[in-house]
Amino acid sequence: MRKKVLSKFILTAFLLFIGCSVCLSQIVYDNDIRCGAQQTERYVPILKHQNVALCVNQTSMVGQTHLLDTLLRLGIKVKKIFCPEHGFRGETEAGKHISNQIDKQTGLPIVSLYGDNKKPTKEQLQDIEIIIFDIQDVGARFYTYISTLTLLMEAAAENDKTVLVFDRPNPNGYWVDGCVLKPEYQSFVGMHGVPINHGMTIAEYARMVNGEKWLTGNRSCKLLWVKVEKYTHAMRYQLPINPSPNLSSMAAIYLYPSLCLFEGTPMSVGRGTNMPFCLLGYPNFPIKDTIFVPQNIAGVATNPPCLGKQCNGYNLKKWAEDSLQCKNYIDIDLLINVYNNFAEKDKFFAPFFNKLAGNATLAQQIKEGKTSNQIRQSWQADLQKFLKIRKKYLLYPDF
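Computed from a predicted structure; not experimentally measured.

> Can you walk me through the sheet that holds strand S14 (residues 311–315) in this structure?
Think of a sheet as strands paired side by side through backbone hydrogen bonds, with each pair either parallel or antiparallel. If you walk across this open sheet you meet the 3 strands as S12-S14-S13, and the pairing is antiparallel. A single partner strand is all that each edge strand has here, and the edge strands are strand S12 (279–282) and strand S13 (290–292). Averaged over all pairs of adjacent strands, the angle between strand axes in this sheet comes to 40°, irrespective of strand direction.

Have a look at this one:
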């Protein structure tokens, strides 16, 4: 971990946190770097005369043009499209089944990896030689694009196909924090023993999964990647396109690693409002920093938690927008405070909370009245082990 450059005031405040937080000074926009997909000179020679499949969505852009259109114009033989949660165009809300379809513009089949199967079948890969994965991630363990990547790699390993990752910056890639997932809590919202916020790009993550042989059967696949030019982990990257319907602002993306844990509780995280993952509340909650009423929003939030009910709680947008402040940690104090103020404590933690946390320990620690410092300290041995693994697969200078 690099030496922290903090003012005396901030340093005093953050001595409470033992996680891997850093202070940043550089905000980076899309036109300041070159993502993997933009570097056609590097990958077109690889793709010539190959049958290609794409795993892409609305974030898979080359400038103002979608990767699919770019490759077709370059004469690449794209045979089919795989799509993750939220669909090919990112217009489907979280958790909704996505069916196979045909792309109206190109006539290519779109195969859903969030429908009847989450892993490509042998038949779906039969006419494919190389699969390109180009999707913007946000760096949180429970954001399902890395699970789709893992299952794609497994299918490639089983069927002797190559995976080519076009890398993109991680907007939460400047910090690592959170409890490391325990094997017994593996699910589609957490497949590997990594912390909640892993601090890796999608290509680095793929290299780790492959190198550590985390694919089923201790396999590894034929893996290639195209790096991002001019990127480092000390950068705070501003996404040009929303990665999913409810991560509709940079504030939401910064808050997501902490607030997604509340989706395993009765609390609303603002789904069904114009500030999803920036609000946190519940009917009759005693904190009244803000008031909001979740509504149905087609394609974004159908029947969201606390639908039509007035929720009292927190507006956390300003917390996240202080982009040069060192608030790079899982906010356990917020979780503790909300639990302590929640009237029906026996109904606070749903079973899904443990899947998101990656263990049953975090909920129990909060019930027992452990402080955030005590909880964070209990993560450290596993975090240090992960950081040693992570270091082996980094492609860019670390924070």
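> When you look at the nonpolar core in this model, what are you seeing that I'm missing?
In terms of nonpolar packing, the biggest core is built from 100 residues, with Leu261, Phe262, Leu280 and Leu362 touching the most fellow members. Once residues within four sequence positions are removed from consideration, Leu280 is found in contact with Leu259, Phe262, Met267, Ser268, Val269, Phe292, Asn312, Gly313, Tyr314, Leu316, Leu334 and Val338. Within the second largest apolar cluster, 27 residues are counted, among which are Val52, Leu54, Val56 and Ile132.

> Just checking my understanding: could you explain the pattern of salt bridges for this structure?
Between side chains of opposite charge, a pair can form when the charged atoms approach closely. Evaluation of the coordinates by the stated rule reveals 14 salt bridges. Salt-bridge contacts for Glu229 lead to Arg42; the nearest nitrogen and oxygen are separated by 3.6 Å. Placement of Glu229 in the loop between strand S10 (222–226) and strand S11 (236–237) and of Arg42 in helix H2 (residues 40–47) is noted, with a sequence separation of 187 residues between them. Between Arg271 and Glu263 there is a salt bridge, with the nearest N and O atoms lying 2.7 Å from each other. Through salt bridges with shared partners, a single network forms among Arg34, Glu41, Arg42 and Glu229.

> Would you explain the packing of aromatic side chains in this entry?
Each aromatic ring pair is summarised here by two numbers: the centre-to-centre distance and the angle between the ring planes. A complete count under the given rule lists 15 aromatic pairs for this structure. Geometrically, the ring pair formed by Tyr114 and Phe188 is tilted, given 6.0 Å between the ring centres and 45° between the ring planes. In this pair, Tyr114 sits in the loop between strand S7 (109–112) and helix H4 (122–125) while Phe188 sits in the loop between strand S9 (162–166) and helix H6 (202–211), placing the two residues 74 residues apart along the sequence. Between Tyr256 and Phe277 the ring centres are 5.2 Å apart and the planes differ by 70°, which places this aromatic pair in the edge-to-face class. With a gap of 21 residues between them, Tyr256 in helix H7 (residues 250–259) and Phe277 in the loop between H7 and S12 connect regions that are remote in the sequence. On the basis of relative accessible area, Tyr256 is assigned to the buried category, the value being 7%. Overall, Phe277 belongs to the buried group, its relative accessible area being 1%. In this structure an aromatic cluster arises from ring pairing among Tyr282, Tyr339, Phe342, Phe348, Phe349 and Phe353. We note Lys118 situated over the ring of Tyr114; from NZ or CZ to the ring centre the distance is 4.9 Å. Over the face of the ring belonging to Phe188 we find Lys118, whose NZ or CZ atom lies 5.2 Å from the ring centre.

> What's the story with the packing of helix H9 (residues 332–341) against helix H12 (residues 372–393) in this structure? I'm lost.
Packed helix pairs are characterised by how far apart their axes lie and by the angle those axes make with each other. Where H9 contacts H12, the two axes come as close as 9 Å, and the packing angle between them is 130°. Taken together, H9 and H12 sit at an angle that is classed as oblique. As for how H9 packs across H12, the hand of that crossing is right-handed. Note on element contacts: H12 touches H9 through Ser372, Ile375, Arg376 and Trp379, opposite Ile332, Asp333 and Ile336. The class makeup of the residues in the contact of H9 with H12 is 4 nonpolar, 1 polar and 2 charged.

> In this structure, what is going on with unusual backbone geometry? I would like to understand it.
Phi is mostly negative for residues that are not glycine, and the peptide bonds are mostly trans. A positive phi angle, close to 55°, is found at Lys213, a residue other than glycine. Locating Lys213 in the fold gives a position in the loop between H6 and S10. The partly exposed category is assigned to Lys213, whose relative accessible area is 39%. Phi at Phe277 is positive, roughly 60°, even though this residue is not glycine.

> So what exactly am I meant to see when it comes to the sheet that holds strand S6 (residues 101–102) here?
Strands sit in the order S6-S7-S5-S2-S8-S9-S10 across an open sheet of 7 strands; the sheet is mixed. Two strands lie at the open edges of the sheet, namely S6 and S10, each paired on one side alone. Across 5 bridges, strand S2 (residues 51–56) lies against strand S5 (residues 77–83) in parallel orientation. Looking across to S5, one finds that Val52 is bridged to Val78.

> Before we go on, may I ask you to explain the state of the cysteines in this structure?
A disulfide bridge is the covalent bond that connects two cysteines by way of their sulfur atoms. Throughout the structure, instances matching the rule amount to 0 disulfides. Considering cysteine sulfurs only, Cys311 is the nearest to Cys306, which forms no disulfide, with 4.0 Å between them.

Reading guide: rules and limits
- Residues numbered from 1 in each chain as written.
- Predicted model: local features only at pLDDT ≥ 70, side-chain atom pairs only at ≥ 80, totals over all residues.
- Heavy atoms only, no water.
- Pairing = 2+ DSSP bridges.
- Helix = DSSP H or I, 4+ residues; strand = E, 2+ residues; numbered from the N terminus.
- Axes fitted to C-alpha atoms, helices over the stretch in contact; angles between N-to-C directions.
- Core = buried A, V, L, I, M, F, W, Y, C linked by side-chain atoms within 4.5 Å.
- Buried < 20%, exposed > 50% of the residue type's maximum accessible area, 1.4 Å probe, protein only.
- Contact = heavy atoms within 4.5 Å.
- Salt bridge = Lys/Arg side-chain N within 4 Å of Asp/Glu carboxyl O.
- Phe/Tyr/Trp six-rings, centres within 6.5 Å; stacked < 30°, edge-to-face > 60°.
- Lys NZ or Arg CZ within 6 Å of the ring centre and 35° of its normal.
- Parallel < 35°, antiparallel > 145°, perpendicular 65-115°, else oblique.
- Left-handed = near helix turned anticlockwise from the far one by under 90°.
- Nonpolar A, V, L, I, M, F, W, Y, C, P; charged D, E, K, R; others polar.
- Disulfide = S-S within 2.5 Å.

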